[in-house]
Amino acid sequence: MKQTVLKGGKLITGERCDVVFQEGKIVEVSSEVEIDNKEVIDIEGKYLSAGWIDDHVHCFEEMSLYYDFPDQIGVEKGVTTVIDAGTTGAENIRRFHQLAEVAKTNVYALLNISKWGIVEQDELADLTKIQEESVAQAIHDLPEFIVGIKARMSKTVIGENGITPLELAEKIQEENNQLPLMVHIGSAPPELAETLDMMEKGDVLTHCFNGKPNGIVDQQTTKIKDFVWKAYRKGVIFDIGHGTDSFNFDVAEQALAEGMKATSISTDIYIRNRTNGPVYDLATTMEKLHVVGYSWAEILEKVTTVPADNFHLTNKGKLAAGFDADITVFELVEGTKELVDSNGNTRTAIQLIKPVKTIIGGRLYDN
Ligand code: ZN
Ligand code: ZN
C-alpha cells in the first residue's frame, strides 16, 4: 500500500513538520521528507498536531437525556477521538458499542457504574442499580472499548446516598485492574471536600471549574479552597468537562492566578449544548482556555498527550512513528468572537482555532 505524506505543515512551535503514514499508522515524522512516489496531501502553512481527543462527551444516540452522534462532535469538529463519559451502563453499553464501531471517529467509553447509565438524571439514587458482577462482565467483554468507569457525584444524581456510590465505584475500580475513574461534581451533597478526600492520584475530577458554591473556589475569600489544593497536588486530574452548567470563566481565571491549571480540556458536549451553546465544539472550549491565559501549546497537550495518558490510549496522542495516524490540521485566525461560559459570563477572543482537515486512522476528512 502506498505511503501518504502530509506535506508542508508546522507544529505550534513554528517548526516545519511532515508526517508520513501508511495503513493507519504514522511511519515517519520529520522537518522535510522526500515525496518520492508517495501520495501527497499539501497543507502548506497550516498547523498540525496529534488528533484531538475529547475525553468527556455524550454520544449514544439512542438515549434521550444526554445524547449526540459521534461524527457530529468528532470528525466534523476536528476531533479524532471521543470518550463517552458514562452515558451507558452494563446493560446498554453493548448496543452503544455496535453503533460506535461504525463511526468514522474513534469512540471509547467510560462505563457508568449504574446499570443503564443516564436514562434518568438520578442514576445513583437507587443503589440496587450498581451491580458489580454485570459491571465486571461488561468490562471483560469490551476491553478495547471501555477505558474507565464513571460516577456522577452530585445532589440530583445520588439522592439520599451520600458518598456511598463513590465508595462502590472505588471498589469496582479495585476489582477491575484499577481502570481510570472519572468523578463528576456539582451541587452538594456530597460536599466537595468529602469527594476529593476519597479520590486518588490518577482519578479524574470532571467539571473542575464549575461556578457552583460546592466548587473549588471559596465564595467568601474568592480563593481556591485548601483541600482542593491538597487534591491537586496529590495528582487528582482536573478535567474541564465544560457542559451546560459546569464552566465558569471567573473560576478558571482565579485558579490560574493562583497557579492552578486544568490538567485536561474536554467539552461534556451533547446535542443541546452543541446546537444551542454554550459548548458548540471542542475548538470553542479550547478558545475559552486561551482567553483565560493558557498558551496554545499547553492547550494542545491537554487535548492530545494528556488525555491519551490518563485513559491509557497508548497508540494515541503523539505525532511519532508507530502511533495511530490520527492528526488534526488547523489554522489560527485573527478575529473577534464572543465566548460565553455556563453562567452567562462573556469574554472576547481575538485569536480563534479552526480545524481544517481531520485524519483518522490514515483517512482524510475535510472540515
Ligand atoms: Zn457531569
Ligand atoms: Zn457529562
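Cut-offs and rules
- Residues numbered from 1 in each chain as written.
- Chains lettered and ligands numbered in written order.
- Predicted model: local features only at pLDDT ≥ 70, side-chain atom pairs only at ≥ 80, totals over all residues.
- Heavy atoms only, no water.
- Helix = DSSP H or I, 4+ residues; strand = E, 2+ residues; numbered from the N terminus.
- Rg over C-alpha atoms; globule rule 2.2 N^0.38 Å.
- Buried < 20%, exposed > 50% of the residue type's maximum accessible area, 1.4 Å probe, protein only.
- Phe/Tyr/Trp six-rings, centres within 6.5 Å; stacked < 30°, edge-to-face > 60°.
- Lys NZ or Arg CZ within 6 Å of the ring centre and 35° of its normal.
- Donors = N, O, S within 2.8 Å, 3.2 Å for Na, K, Ca; no water.
- Polar contact = N/O pair within 3.5 Å; in protein donor to acceptor, adjacent residues only side chain to side chain.
- Contact = heavy atoms within 4.5 Å.
- pLDDT = per-residue confidence, 0-100.
- Domains from an automatic or database assignment.
- Buried area = accessible area lost by both parts, 1.4 Å probe.
- Salt bridge = Lys/Arg side-chain N within 4 Å of Asp/Glu carboxyl O.

**Focus: the overall build of the chain**
Here is step 1: When its secondary structure is counted, the chain shows twelve helices and 15 strands.
Here is step 2: For 367 residues, the compact-globule estimate of 2.2 N^0.38 gives 21 Å, and the C-alpha radius of gyration of the chain, at 20 Å, lies within 12% of that figure.
Here is step 3: The dimensions of the chain, computed from C-alpha atoms along their principal axes, are 65 × 45 × 35 Å.
Here is step 4: The buried share of the chain, reckoned over its 367 residues, is 58%.

**Looking at the packing of aromatic side chains**
Here is step 1: Under the counting rule described, the total for this entry stands at nine aromatic pairs.
Here is step 2: Ring geometry for Tyr47 and Phe330: centres 5.5 Å apart, planes at 15 degrees, overall stacked. Here Tyr47 is found in strand β5 (residues 47-50), whereas its partner Phe330 is found in strand β13 (residues 327-340), with 283 residues between them in sequence.
Here is step 3: Put simply, the rings of Tyr47, Trp52 and Phe330 touch in pairs and so form one group of aromatic residues.
Here is step 4: When the ring centre of Tyr47 is taken as reference, the NZ or CZ atom of Lys10 above it lies at 4.6 Å.

**Focus: the coordination of the zinc ion (ligand 2)**
Here is step 1: Summarising the metal site, the zinc ion (ligand 2) is bound by the protein donors His56 (NE2), His58 (NE2) and Asp268 (OD), whose distances to it range over 2.0 to 2.3 Å.
Here is step 2: One chain supplies every donor to the zinc ion (ligand 2), and in sequence these donors are spaced H-x1-H-x209-D.
Here is step 3: Between the zinc ion (ligand 2) and the zinc ion (ligand 1) the interatomic distance comes to 3.7 Å.

**Describing the side chain of Asp18**
Here is step 1: Within the fold, Asp18 resides in strand β2 (residues 16-22).
Here is step 2: Taking the relative accessible area as the measure of exposure, Asp18 reaches 0% and is therefore buried.
Here is step 3: Polar side-chain contacts of Asp18 include one of 2.5 Å to the side chain of Lys7.
Here is step 4: Leave out the neighbours within four places in its chain, and Asp18 touches Val5, Leu6, Lys7, Gly8, Gly9, Glu28, Val29, Ser30, Ser31, Glu32 and Val33.

**Some points on the confidence of the model for the chain**
Here is step 1: Taken as a whole, the chain shows an average pLDDT of 97; of its residues, 100% reach a score of 70 or greater.
Here is step 2: Taken element by element, the chain is modelled with least confidence in strand β15 (residues 363-366), mean pLDDT 96, and with most confidence in strand β12 (residues 237-239), mean pLDDT 99.

**What about the domain arrangement of the chain?**
Here is step 1: When its domains are assigned, the chain resolves into domain 1 (3-49 + 321-366) and domain 2 (51-310).
Here is step 2: Of note, the centres of domain 1 and domain 2, computed from C-alpha atoms alone, are 26 Å apart.
Here is step 3: Listed by partner, the interface residues are 26 residues for domain 1 and 33 residues for domain 2.
Here is step 4: Roughly 2400 Å² of surface becomes buried between domain 1 and domain 2 when both sides are summed, with 61% attributable to carbon and sulfur atoms.
Here is step 5: Area buried by domain 1 at its contact with domain 2 is led by Ser342, Arg347 and Ile353, which between them contribute 26% of it.
Here is step 6: Counting the contacts that link domain 1 with domain 2 gives three salt bridges.
Here is step 7: Two residues, Glu253 and Arg347, come together in a salt bridge whose shortest N-O distance is 2.7 Å.

**A word on the environment of Tyr47**
Here is step 1: Of the residues examined, Tyr47 reaches a relative accessible area of 17% and is grouped as buried.
Here is step 2: Here the alpha-carbon distance between Tyr47 and Lys10, two residues 37 residues apart in the chain, equals 4.8 Å.
Here is step 3: Ignoring any residue separated from it by four or fewer positions in sequence, one finds Tyr47 in contact with Lys10, Leu11, Ile12, Thr328, Val329, Phe330, Glu331 and Leu332.

**What to know about the pattern of salt bridges**
Here is step 1: By the definition in use, this model includes 21 salt bridges.
Here is step 2: Here Arg94 makes a salt bridge to Asp141, at a shortest N to O gap of 2.8 Å. With a gap of 47 residues between them, Arg94 in helix α2 (residues 93-101) and Asp141 in helix α3 (residues 132-141) connect regions that are remote in the sequence.
Here is step 3: Classification of Arg94 by relative accessible area gives partly exposed; the value is 34%.
Here is step 4: The partner of Glu132 in a salt bridge is Lys171, with the nearest N and O atoms 2.8 Å apart. Here Glu132, found in helix α3, pairs with Lys171, found in helix α5 (residues 164-175); they are 39 residues apart in sequence, far enough to count as distant.
Here is step 5: Note on Lys171: relative accessible area 37%, which makes it partly exposed.
Here is step 6: Where salt bridges share partners, they join Lys25, Lys316, Asp324 and Asp326 into one cluster.

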